[in-house]
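# Descriptive structure summary
In case you want the letters, here they are:
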Amino acid sequence: MVLWSIIGGACSDDVSSAHNESGNSSSAGGSIEIIPINDSSSSYSRSSKTVIKFPNIIEIKTSSSSEQKSSSSTKASSSSSSKPQSSSSVSSSSVSSSSAKSSSSSAPKSSASLRFYDCDKYDCVTIDYLNPDISYGEMLDKRDNQVYRTLVISNHVWTAQNMNYEIESEENREATNWCYKNDPDNCKKLGRLYAWDAAQKACPEGWHLPTVDDWKELLEDQSCNTTQSDDGTWIYDCAGNRLKATDSWDSQKEERKNALGFSVTGAGIRFEKKDIGIYEAAIFWSATDTLSFYAFAVIFQDNENSTLLGAIDKENGFSVRCIKGKAE
């Protein structure tokens, strides 16, 4: 089993030097690293100006002065093979019976812009990052009247957008879910960021936070090669480009076609009360925890074709997708 630790919300001079010595440029705003750590310990040591090589190290570089998309060029990875694709048409079970206009067996393929719910009456989540050629279903969260697009993929009904349900903090307790940079527009476009305990409450009745097995099934279906490294990290080659949205990422890659409509966006993450990595990374919680302070999560990165799965500290703020039904 692998545990991941996120270090360095903003690079100090020593950490920046280590990045530069390793051949990677470090922006003025710094970077964070997500690293595997041993099961027996949640601590690590780092010498000044010394490059410490961890297996499968991941860097999420943040912009130096603004959160606007950069135009820097990146090395593109391409998938080496293809697999049969999952169906993207969703049954009317993902839409309330009073609002669904047709079942998936009889409805023609439609544009993502077509709605089952009246957006003048309900709060419809943006469709900016969806595949316009996919026939999506919809889910109404009756708790706050927000409407999310849904799709069938890997034999399950998933939300095709990140959850934006605000969970109120208990009295005299710190918040457990946030908009990136406290900007409501980021919540509307990219969903909220949740600590793991709050993520358990993000999905409405009849839906659940995906288990680690739910995520594995999805990622294995979309992977051209699945491996597990010596440290325990699961690596799903090709799954990144197959599941990411074409937009909302710093780089534009031709192989990132969002053909299945799952539309992973670069929503960023929250680490040590700092919001970083918008348009550069997205991490999703699973419902499966391990030990006391860690839970399994899935990492997507702008410049990585592969998707990783491992365990990360529960206090960090990550995105949430929901899957229909009860967790098994």
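For the structure, see preceding data.
Residues numbered from 1 in each chain as written. Predicted model: local features only at pLDDT ≥ 70, side-chain atom pairs only at ≥ 80, totals over all residues. Heavy atoms only, no water.

### Concerning the environment of Asp247
For Asp247, the location among the structural elements is in the loop between helix H5 (239–243) and strand E13 (267–271). Given a relative accessible area of 32%, Asp247 falls into the partly exposed group. Along the primary structure Asp247 and Thr265 are separated by 18 residues, whereas in three dimensions their C-alpha atoms are 7.3 Å apart. (Helix = DSSP H or I, 4+ residues; strand = E, 2+ residues; numbered from the N terminus. Buried < 20%, exposed > 50% of the residue type's maximum accessible area, 1.4 Å probe, protein only.)

### Here's the deal with the side chain of Asn162
In this fold, Asn162 is placed in the loop between strand E7 (156–159) and strand E8 (177–178). At 2.9 Å, the side chain of Asn162 and the backbone oxygen of Leu190 are in polar contact. Reaching out from Asn162, the side chain makes a polar contact with the side chain of Arg321 at a distance of 2.8 Å. (Polar contact = N/O pair within 3.5 Å; in protein donor to acceptor, adjacent residues only side chain to side chain.)

### As for the state of the cysteines
In the structure shown here, the tally under the stated rule is four disulfides. Between the sulfur of Cys179 and that of Cys187 lies a disulfide, 2.0 Å long from S to S. Between Cys179 and Cys187 the disulfide shows an S-S torsion of about -110°. By sign, it is left-handed. Accessibility expressed as a relative area gives 4% for Cys187, which makes it buried. With a sulfur-sulfur separation of 2.0 Å, Cys203 is cross-linked through a disulfide to Cys322. Taking the torsion about the sulfur-sulfur bond, which here is approximately -95°, the covalent link between Cys203 and Cys322 counts as left-handed. One end of the pair, Cys203, is in the loop between helix H3 (196–199) and strand E10 (207–208); the other, Cys322, is in the loop between strand E17 (307–313) and strand E18 (323–324), with 119 residues separating them in the sequence. With respect to burial, Cys203 and Cys322 carry one shared label: buried. Each bonded cysteine of the protein gets a number by its place in the sequence, and the pairs then read 1-2, 3-4, 5-8, 6-7. (Disulfide = S-S within 2.5 Å.)

Just geometry here; none of it tells us what the structure is for.
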